[in-house]
Every structure is written in C-alpha cells, then in structure tokens.
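Descriptive structure summary
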Amino acid sequence: GDQVEQSPSALSLHEGTGSALRCNFTTTMRAVQWFQQNSRGSLINLFYLASGTKENGRLKSTFNSKESYSTLHIRDAQLEDSGTYFCAAEANNAPRFGAGTKLSVKP
Amino acid sequence: GGIITQTPKFLIGQEGQKLTLKCQQNFNHDTMYWYRQDSGKGLRLIYYSITENDLQKGDLSEGYDASREKKSSFSLTVTSAQKNEMAVFLCASRGQGTGQLYFGEGSKLTVL
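Please read all numbers here as calculations on a predicted model, not as lab measurements.

Residue and element names in this part refer to chain A. Across all of its chains, the model carries two disulfides over all chains by this definition. Paired through a disulfide, Cys23 and Cys87 show a sulfur-sulfur distance of 1.9 Å. One quick way to see it: the torsion about the S-S bond of Cys23 and Cys87 is about -105°, and its sign makes the bridge left-handed. Taken together, the residues Cys23 in strand E3 (residues 19–25) and Cys87 in strand E9 (residues 83–90) connect sequence positions 64 residues apart.

This paragraph deals with the side chain of Ser93 of chain B. All names here are of chain B. Its location among the elements puts Ser93 in strand E9 (residues 87–94). The class of Ser93 is buried, set by a relative accessible area of 0%. Here the side chain of Ser93 touches His29 through a polar contact of 2.8 Å, side chain to side chain. Sequence-distant contacts of Ser93, that is, excluding residues within four places in its chain, are made with Ile4, Gln25, Phe27, His29, Thr31, Met32, Gln100, Leu101 and Tyr102.

Counting 22 residues, the largest nonpolar core has Phe25, Val32, Trp34 and Leu72 of chain A as the members making the most contacts within it. Mapped by element, the contributors of at least two residues to this core are strand E2 (10–14), E3, strand E4 (31–37), strand E5 (43–49), strand E7 (59–64), strand E8 (69–74), E9 and strand E11 (101–106) of chain A. Within the second largest apolar cluster, 21 residues are counted, among which are Phe74, Ala81, Ala87 and Phe89 of chain B.

Attention now moves to the interface of chain B and chain A. Contacts between chain B and chain A engage 21 residues on the former and 19 residues on the latter. Carbon and sulfur atoms make up 48% of the area that chain B and chain A hide from each other, which totals about 1,500 Å². Area buried by chain B at its contact with chain A is led by Leu43, Gln100 and Leu101 of chain B, which between them contribute 25% of it. At the surface where chain B touches chain A, the tally comes to three salt bridges.

Cut-offs and rules
- Residues numbered from 1 in each chain as written.
- Chains lettered and ligands numbered in written order.
- Predicted model: local features only at pLDDT ≥ 70, side-chain atom pairs only at ≥ 80, totals over all residues.
- Heavy atoms only, no water.
- Disulfide = S-S within 2.5 Å.
- Helix = DSSP H or I, 4+ residues; strand = E, 2+ residues; numbered from the N terminus.
- Buried < 20%, exposed > 50% of the residue type's maximum accessible area, 1.4 Å probe, protein only.
- Polar contact = N/O pair within 3.5 Å; in protein donor to acceptor, adjacent residues only side chain to side chain.
- Contact = heavy atoms within 4.5 Å.
- Core = buried A, V, L, I, M, F, W, Y, C linked by side-chain atoms within 4.5 Å.
- Buried area = accessible area lost by both parts, 1.4 Å probe.
- Salt bridge = Lys/Arg side-chain N within 4 Å of Asp/Glu carboxyl O.

Keep in mind these values describe shape, not function.
Here you go:
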C-alpha cells in the first residue's frame, strides 16, 4: 500500500485565512520534504525536515517521526499560494510522494 | 547555485518506440532520481542512482531502463512506449542521498 497518505485532497481558502495540510506515513520515515507545484508544473522547495518544526514567512511545517506524520500550516493565504502541495518522505535514499493537496485561494 | 536541465522538454513518439530522456545537473550531486507524474497525480519513483554507474529500481521500473554513466547525467529510456504512459517525467538530484531534492522542469511524453 501507499507509504505516504496526504490529506485533504483538495482545499479552498479565502484570502487571509489559513489551514493545515497533513501527511501520514505507514512506515517510519527519517525525513520529509514539502513542495508547491505551480500552474506551470514547476516544483518549488518549501521545507526539508529531519525532525522538529521550521517556519518561513506564512508557512510552518512540523515533522514527527515517532508518530509518523508531518503537517504544513499556511496562514494569511494569498492568491499566489494556489497550487498543488506535495509531501515527500523517505525511509532510506528514495523519497516517496503523497498524492497532493490542491489548494485554491479565492478573493 | 546549480541547475538541472532535462531534454527534450517535449517528446512525441509512436507506440512501441524506444525513447530516451536525458537529465544533466551541475550541482555536483551524488544522487539522482527519475519520477513520473501522471496528470493530476503525485510523483512515482522509477529509478534512482546514488553514485556514478549505480542503479536502483523504484516502484515503477517495469518498462524503463536507466543509465548513470557520469556523475552529472542520468538518462531514462522508455523501452516500448505505450499510450497509457503519457506523463511528465521529472528528474531530481541531491548530495550524498540526504537533504532536499532539486527538480528539473520536466519532460512531457506524448505517445501517438
């Protein structure tokens, strides 16, 4: 079965609001990475975590290896945050991706 | 900073044809990856290589070959193109099997 389960599959936010995206893992992972895929298909690096929490502007991510999950929090959403967000997690040298969360930010 | 260059950006082939995608990186990274992304889906790992001349199968290696003849380049061959494998193929790299992945812009495969 899938090692990386991502939720929700789709999310709609109004500008200025926030929410959390989540990845659950079915096996122990040593690191997780979060990406935004824009409308052109480019993958933009957001975070790489081997543990703990990182913050960058309006984004914050947490990785809990013991409890097998990672979250990505978006606050004060802007129109340019729209896109598909992926987590990729690895137990060894081979990161596996979740199915993605399609985020739409509306005015 | 470095860059990952994938060629060609668009590849059109006939069913049953053998097709090759190329990936070059100038990060001096050890590990390179090939992923496939079907429309509206996540990325699936095809092959990866942790050093020159090394090859490791991913979850989707059936129907593909890969080659890592130089540290800076990693090629992927579709051995017999099928219509159900029209997708975007993404190459990535990183240093010494750890740390964040860096991706190329992708190669879109169309099979007629």
